[in-house]
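Architecture and fold: a report
Residues per chain, in single letters:
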Amino acid sequence: VLWCFIGPNSAEYMLHLGMGPALATLNNIAGPITGFFTGPIVGATSDGLTSKYGRRRPVILTGLVLTWVAGMAFSLAQRIFPGHAAVYFAAPMYWVMD
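Residues numbered from 1 in each chain as written. Predicted model: local features only at pLDDT ≥ 70, side-chain atom pairs only at ≥ 80, totals over all residues. Heavy atoms only, no water.

**A short note on the layout of surface pockets**
Rolling a probe over the atoms, with the probe sized like a water molecule, indicates the empty space that remains. Heads up, the condition is: In the cavity and pocket records, a cavity denotes points on a 1 Å grid over the protein atoms alone where a 1.4 Å probe fits but cannot get out, a pocket denotes an open set with protein on both sides within 12 Å along at least 5 of 7 lines, and lining residues are residues with an atom within 4 Å of a point. Grid points are joined across faces, edges and corners, and a volume is the space filled by probe spheres set on the points. Elements are defined by DSSP. Helices are runs of H or I of four residues or more, strands are runs of E of two residues or more, and each kind is numbered from the N terminus.
The space that makes up the largest pocket amounts to roughly 310 Å³. Elements that contribute at least two residues to the lining of the largest pocket include exactly α3 (30-47), α4 (57-75) and α6 (85-97).

Given below as structure tokens:
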């Protein structure tokens, strides 16, 4: 549900925060890049877990919490950091969320 609202509007939001048009559009490449690295790293990490909750549940719960926190931080960047500094906070949060 988070991506239904943030995904299509991320470039416009970055433009609103003061990012240039080329970088705002280029920021959408975060998904393929982070997915390329995150999938194998998270898979290898979860394969080595020996939790009483299983190998996958802690990883899924951690990912859920991190995605929610990054999504909230991304959407509230302008309120947390007024002015042009919000761009420097929102862009990494978008990558973490992605």
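The structure having been displayed, the exposition proceeds.
**Here we look at a nonpolar patch on the surface**
Here is the rule: For patch detection, residues must exceed 30% relative accessible area and be free of salt bridges, and they are connected within 9 Å for like charges or within 5 Å for nonpolar side chains (Val, Leu, Ile, Met, Phe, Trp, Tyr). Note that accessible areas follow from Shrake-Rupley with a 1.4 Å probe, and for residues the cover is restricted to the protein chains shown. Counted as salt bridges are all cases of a side-chain nitrogen of Lys or Arg within 4 Å of a carboxyl oxygen of Asp or Glu. Between buried and exposed lies partly exposed: a residue is buried under 20% and exposed over 50% of the maximum accessible area for its type, with that area taken using a 1.4 Å probe on protein chains only.
Taken together, the side chains of L61, L64, V65, W68, V69, M72, L76, I80 and F81 make up a nonpolar region of the molecular surface, amounting to roughly 840 Å² of accessible area. Looking at which element gives the most residues to the nonpolar patch, the answer is α4, with 6 residues. In this fold, L64 is placed in helix α4. The exposed category is assigned to L64, whose relative accessible area is 56%.

**With respect to the nonpolar core**
The condition is simple: To form a nonpolar core, buried Ala, Val, Leu, Ile, Met, Phe, Trp, Tyr and Cys residues must be joined to one another through side-chain atoms within 4.5 Å. By the convention used here, residues are in contact when the closest approach between their heavy atoms is within 4.5 Å.
Within the largest apolar cluster, 18 residues are counted, with the highest numbers of intra-cluster contacts made by M14, L17, M19, F74, A90 and M97. Of all the elements, α6 adds the most residues to this core, at 7 residues. Those residues within four positions of M14 in sequence are excluded, and the remaining contacts are M19, A24, N27, F74, A90 and A91.

**Topic: the packing of α4 against α6**
Between two packed helices, what matters for the description is the angle formed by their axes and the separation of those axes. Rules: Interaxial angle, 0 to 180 degrees, is taken between N-to-C directions of lines fitted to C-alpha atoms, where a helix line uses only the stretch in contact. Relative orientations are named as follows: roughly parallel for angles under 35 degrees, roughly antiparallel for angles over 145 degrees, roughly perpendicular for angles from 65 to 115 degrees, and oblique for any other angle. By definition, any crossing whose near helix is turned counterclockwise from its far helix by less than a right angle is left-handed, and any crossing with a clockwise turn is right-handed. The residue classification treats Ala, Val, Leu, Ile, Met, Phe, Trp, Tyr, Cys and Pro as nonpolar and Asp, Glu, Lys and Arg as charged. All others, Gly included, are polar.
Relative to each other, α4 and α6 sit at 155 degrees, their axes nearing to 8 Å. Relative to α6, the element α4 lies roughly antiparallel. In the packing of α4 onto α6, the handedness of the crossing is left-handed. Contacts between α4 and α6 involve T67, A70, G71, A73 and F74 from the former and F89, A90, M93, Y94, V96 and M97 from the latter. Across the contact of α4 with α6, the residue classes break down as 9 nonpolar, 2 polar and no charged.

**Focus on the side chain of S46**
Basically, it comes down to this: Definition of a polar contact: a pair of N or O atoms within 3.5 Å, with one able to donate and the other able to accept a hydrogen when the atoms are protein atoms, and with sequence-neighbouring residues admitted only if both atoms are side-chain atoms.
Counting through the fold element by element, S46 comes out in helix α3. Looking at S46, its side chain comes within polar contact range of the main-chain oxygen of G43, at 3.1 Å. Those residues in contact with S46, other than ones at most four positions away along the chain, are R55, R56 and V59.

**Re α4**
Stated formally: Multiplying 1.5 Å by the residue count of a helix minus one yields the expected span of that helix. Read the arc as the range of directions from the helix axis to the C-beta atoms.
The end-to-end C-alpha distance of α4 is 27 Å, a good match for the 27 Å that 19 residues give at a rise of 1.5 Å each. Those residues of α4 not exposed but buried are A70, G71, A73 and F74. The buried residues of α4 all sit within an arc of 160 degrees when viewed along its axis, so they share a single face. Opposite the buried face of α4, by more than 90 degrees, sit the exposed residues R57, L61, L64 and W68.

**Things to note about the packing of aromatic side chains**
Heads up, the condition is: Pairing of aromatic side chains here covers Phe, Tyr and the six-membered ring of Trp, requires ring centres within 6.5 Å, and sorts the geometry by plane angle: under 30 degrees stacked, over 60 edge-to-face, intermediate tilted.
Tallied over the full model, the rule gives 4 aromatic pairs. Relative to F37, the ring of F36 lies with its centre 5.1 Å away and its plane at 85 degrees, an arrangement referred to as edge-to-face. The structure contains a cluster of three or more aromatic residues connected by ring pairs, namely Y13, F74 and Y94.

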